[in-house]
Amino acid sequence: MTQDELKQAVAQAALEEVAQRLPQNAILGVGTGSTANLFIAALAPLKGRLGGAVASSEATRIRLEQLGIRVVAMNDVERLSLYVDGADEIDPGLAMIKGGGGALTREKIVAATAETFICIADASKQVETLGRFPLPIEVIPMATRQVARQLAQLGGLPRLREGFVTDNGNVILDVHGLAIPDPATLEAQVNQIVGVVANGLFARRGADVLLLGTEGGVQRFVHA
């Protein structure tokens, strides 16, 4: 199977999970990225059951509205039953690196509000130790240089994502060359750097369920 076929398989598996678990007229949290886009496209049969959706990016909002799904502001929602999103990397403890599409801050906000976070990914995203994928950091523009210096002291090589501005009007530093055996600790350390808005480590709030597309079919993992 191609990578796209694996992504399509997990998108369909996520649709089936949502159909089973999401209450009638509930609000669904929806993520950003190529796998999430396939999930959005698969949502059409369920849109009559949904009370609406919270989008983790402007790109996702547009896709949902094109499908005829009502988009609800995060501030109008107390709690979400389910949040479905992809990952750039995920480890055996279901901690993730996210933010390859630049939506990490809004993704963190939606994830923090969800009772269950379902991660959908193909097998190439599964790693023993996070860090092969560069760690995205959303930064206030005026703090870019001083944040980069402090990230370098942590052992990484930060590079500005050229020509990219987040939905929040900020920039992204992608940190290369990190091995992250303790993602929760590093997540907290990076959050303490003045000028950092959010970082792409989802460890303190990782996935609850992983639907992983493999050659042998979709495998389901649940956080212990």
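All of the points below concern the structure found in this document. (Residues numbered from 1 in each chain as written. Predicted model: local features only at pLDDT ≥ 70, side-chain atom pairs only at ≥ 80, totals over all residues. Heavy atoms only, no water.)

## Here's the deal with the overall build of the protein chain
Inference 1: When you go through the protein chain residue by residue, the secondary structure sums to 6 helices and 13 strands.
Inference 2: Over its C-alpha trace the protein chain gives a radius of gyration of 17 Å, about what one expects of a compact globule, namely 17 Å for 224 residues.
Inference 3: Principal-axis analysis of the C-alpha atoms places the extent of the protein chain at approximately 50 × 40 × 30 Å.
Inference 4: The 224 residues of the protein chain split such that 54% are buried. (Helix = DSSP H or I, 4+ residues; strand = E, 2+ residues; numbered from the N terminus. Rg over C-alpha atoms; globule rule 2.2 N^0.38 Å. Buried < 20%, exposed > 50% of the residue type's maximum accessible area, 1.4 Å probe, protein only.)

## Some thoughts on the sheet that holds strand E1 (residues 27–30)
Inference 1: Taken together, the 6 strands give an open sheet; going across it, the order is E2-E1-E3-E6-E12-E13, and neighbouring strands pair in mixed fashion. A single partner strand is all that each edge strand has here, and the edge strands are strand E2 (52–55) and strand E13 (217–222). In this sheet, adjacent strand axes meet at a mean angle of 20° when their direction is disregarded.
Inference 2: In this sheet, strand E6 (residues 114–122) lies alongside strand E3 (residues 80–85) in parallel orientation, the contact comprising 5 bridges. Each bridged residue has a counterpart across the sheet, and for Leu-80 the counterpart in E6 is Ala-114. (Pairing = 2+ DSSP bridges. Axes fitted to C-alpha atoms, helices over the stretch in contact; angles between N-to-C directions.)

## Structural notes on a nonpolar patch on the surface
Inference 1: A cluster of nonpolar side chains, Ile-140, Met-142 and Val-197, forms an exposed patch at the surface whose accessible area comes to about 310 Å².
Inference 2: Along the chain, Ile-140 falls in the loop between strand E7 (135–139) and helix H5 (144–153). (Patch = residues over 30% accessible without salt bridge, like charges linked within 9 Å, V, L, I, M, F, W, Y side chains within 5 Å. Areas by Shrake-Rupley, 256 points an atom, 1.4 Å probe, with all protein chains shown as cover. Salt bridge = Lys/Arg side-chain N within 4 Å of Asp/Glu carboxyl O.)

## Points about the pattern of salt bridges
Inference 1: The full count for this structure, using the stated rule, is 12 salt bridges.
Inference 2: Residues Lys-98 and Asp-85 are paired through a salt bridge, measuring 2.8 Å at the closest nitrogen-oxygen approach. In this pair, Lys-98 sits in the loop between strand E5 (96–97) and helix H4 (104–113) while Asp-85 sits in strand E3, placing the two residues 13 residues apart along the sequence.
Inference 3: The exposure class assigned to Lys-98 is buried, which follows from its relative accessible area of 2%.
Inference 4: A salt bridge links Asp-174 to Arg-161, with the shortest nitrogen-to-oxygen separation between them at 2.8 Å. One end of the pair, Asp-174, is in strand E9 (residues 171–176); the other, Arg-161, is in the loop between strand E8 (157–160) and E9, and 13 residues separate them in sequence. One exposure class covers both Asp-174 and Arg-161, and it is buried.
Inference 5: In the salt-bridge network here, residues are joined through shared partners; they are Glu-58, Arg-61, Glu-65 and Arg-106.

## Here we look at the sheet that holds strand E11 (residues 201–202)
Inference 1: Spatial strand order, E4-E5-E11: 3 strands in an open sheet with antiparallel pairing. Each end of this open sheet is capped by a strand with a single partner; those strands are strand E4 (89–90) and E11.

## So, the packing of helix H1 (residues 3–21) against helix H2 (residues 34–42)
Inference 1: Following both chains from N to C, one finds H1 and H2 inclined at 50°, their axes separated by 8 Å at the closest point. Taken together, H1 and H2 sit at an angle that is classed as oblique. The element H1 and its partner H2 pack so that their crossing is right-handed. Contacts from Asp-4, Lys-7, Gln-8, Val-10, Ala-11, Gln-12, Ala-14, Leu-15 and Val-18 of H1 reach H2 at Ser-34, Thr-35, Leu-38, Phe-39 and Ala-42.
Inference 2: Across the contact of H1 with H2, the residue classes tally to 8 nonpolar, 4 polar and 2 charged. (Parallel < 35°, antiparallel > 145°, perpendicular 65-115°, else oblique. Left-handed = near helix turned anticlockwise from the far one by under 90°. Contact = heavy atoms within 4.5 Å. Nonpolar A, V, L, I, M, F, W, Y, C, P; charged D, E, K, R; others polar.)

## Some thoughts on the side chain of Thr-113
Inference 1: Following the sequence through the fold, Thr-113 ends up in helix H4.
Inference 2: Excluding residues that lie within four positions of it along the chain, Thr-113 makes contacts with Met-74, Glu-78, Arg-79 and Leu-80.

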